[in-house]
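Structural characterization, general
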Amino acid sequence: MVSSHQQSEAKEPDPALLRQLGDHDFRRRVEAERELLGLGIRGLDIIEAGARSSDPEIRQRSLRLLGQLRRAAFLHQRDQVRANPWIVPEEMAPGWELFHSFAGDHPEARDLYVRMVGEESELFQALALNPDRCSIELERRCADLRTFGDRRSNREVNPLTVLSLLLLANHPENKLNPFTVQTLTSLLVEGSFYQFVQSASDGEASVCRGLLSAWIEQSGTVPAPNRLDLAIRYELPAGVVPAREIIANRRAAGASRNQLQNAIRFLAVFEPKDSLQELDHLVIAPELELPPLVRGPLIFEPPAPQPPIPAYEQFSSDLALLALIQITGQDPKLYRFAVQKLDLDRRFNSGAPIFPSEKDRARAVRMWKEWKAQHPSYFLPASDDASEGQAG
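The paragraphs below set out a description of the structure included in this document. (Residues numbered from 1 in each chain as written. Predicted model: local features only at pLDDT ≥ 70, side-chain atom pairs only at ≥ 80, totals over all residues. Heavy atoms only, no water.)

1. Some details on the overall build of the protein
Stated formally: In this text, helices come from DSSP runs of H or I with a minimum length of four residues, and strands from runs of E with a minimum of two, each type numbered from the N-terminal end. Each residue gets one of three labels from its accessible area relative to the maximum for its type: buried under 20%, exposed over 50%, partly exposed in between, using a 1.4 Å probe on protein chains only. Should any heavy atoms of two residues lie within 4.5 Å, those residues are considered in contact. Reported accessibility uses the Shrake-Rupley method at a 1.4 Å probe radius. Residues are deemed covered only where the shown protein chains occlude them.
When you go through the protein residue by residue, the secondary structure sums to 18 helices and zero strands. Per-residue burial over the protein gives 45% buried out of 392 residues. Within the protein, residue pairs in contact and separated by at least 24 positions form 63% of the contacts whose partners lie at least 6 positions apart. Accessible area for the protein stands at about 21000 Å²; split by element, carbon and sulfur atoms hold 51% of it.

What follows is the structure in structure tokens.
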């Protein structure tokens, strides 16, 4: 505990100062706050008691004082925290265990953590002092940043602040409101943060990628298209999670062809082997010729007409087929695709794949089915055949 630090031989703080924090006279409240702050570490015990007070005024002022004193103590001991955050009192390394769960523990991670706490000490102290209010503090900070940005839009937010917000947003117990999500989403694609990540050392970049990946993998908080765009921007394999969500919800109202195209392309680039079965299931087989009609002795009923294929399903089928052809190393020209190349860096390079005619589309699907039947090793688990992956 912080209170176990070496105590000064100076006179112990007067408990009456704590009661004075709730005095009806504003000037006396301010005076007590100033005196307690001046005590430094010697006043921590009494201030911690005030933070548990049933009097709202005493509790609020004590919490503010406690945050200030702990920040000062952290700055005083930051070299110790940087050397080994596990041996300092927990309140001297607020949020370290949460940070460690995403970033790991290595010298560059520790240094980045110390800089983050130094930049956003109030957020981290809120996490240490009252975890239940952590999401409220996160919302308040995002609101401050949005207001500040509205006034001075030419100034970008410190990347350490963005990382701190991202860390707290990844806290499993935090419930984020849409405003906070929108603010953080815009900060993550901001030029200064992107440049920070791109120019970071390997160790720091690993921490940034770990926090970004955790954010991208969260379902239900941020819309899947936004998370996939973030994964594309930072080239993070975690994007397969929102990519699969987009594909699974392709029937939803408002689903975009561009989103679906990006999702299928992302699976093809980042999980080419593991996504083969998924993509193959999206390919719609051409309508087969009807068998000869069977006439009964008394009654004849022609087969019911097949309903038309929904446009989004046909679009998904064409995208999946092109991705499969690229993954297996075949030439799209043989399949008569009007769009023939899958851009492995970003997206399909020339818009959506199309066929000159329905006959060409049916022919392409039949070619794929025949090729698949002739190359079953492509669809075996990767560990079963180390030599697989060569097209015949």
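2. So, the environment of D318
Assignment of secondary structure puts D318 in helix α17 (residues 311-327). Residue D318 is classed as buried on the basis of its relative accessible area of 4%. Residues D318 and Q261, spaced 57 residues apart in sequence, show a C-alpha to C-alpha distance of 9.9 Å.

3. Here's the deal with the packing of helix α6 (residues 107-119) against helix α12 (residues 202-216)
Threshold: With axes taken as lines fitted to C-alpha atoms, and helix axes fitted only over the stretch in contact, angles between N-to-C directions fall between 0 and 180 degrees. Small angles under 35 degrees read as roughly parallel and large ones over 145 as roughly antiparallel, with 65 to 115 read as roughly perpendicular and the rest as oblique. Left-handed is the label given to a crossing in which the near helix is rotated counterclockwise from the far helix by less than a right angle, and right-handed is the label when the rotation is clockwise. Residues are grouped as follows: nonpolar covers Ala, Val, Leu, Ile, Met, Phe, Trp, Tyr, Cys and Pro; charged covers Asp, Glu, Lys and Arg; every other residue, Gly included, is treated as polar.
It is at 8 Å that the axes of α6 and α12 come closest, and there the two elements cross at 65°. The pairing of α6 with α12 is recorded here as roughly perpendicular in orientation. Handedness of the crossing formed by α6 with α12: right-handed. Across the interface between the two elements, E108, A109, D111, L112 and R115 from α6 touch G203, E204 and V207 from α12. Broken down by class, the residue content of the contact of α6 with α12 amounts to three nonpolar, one polar and four charged.

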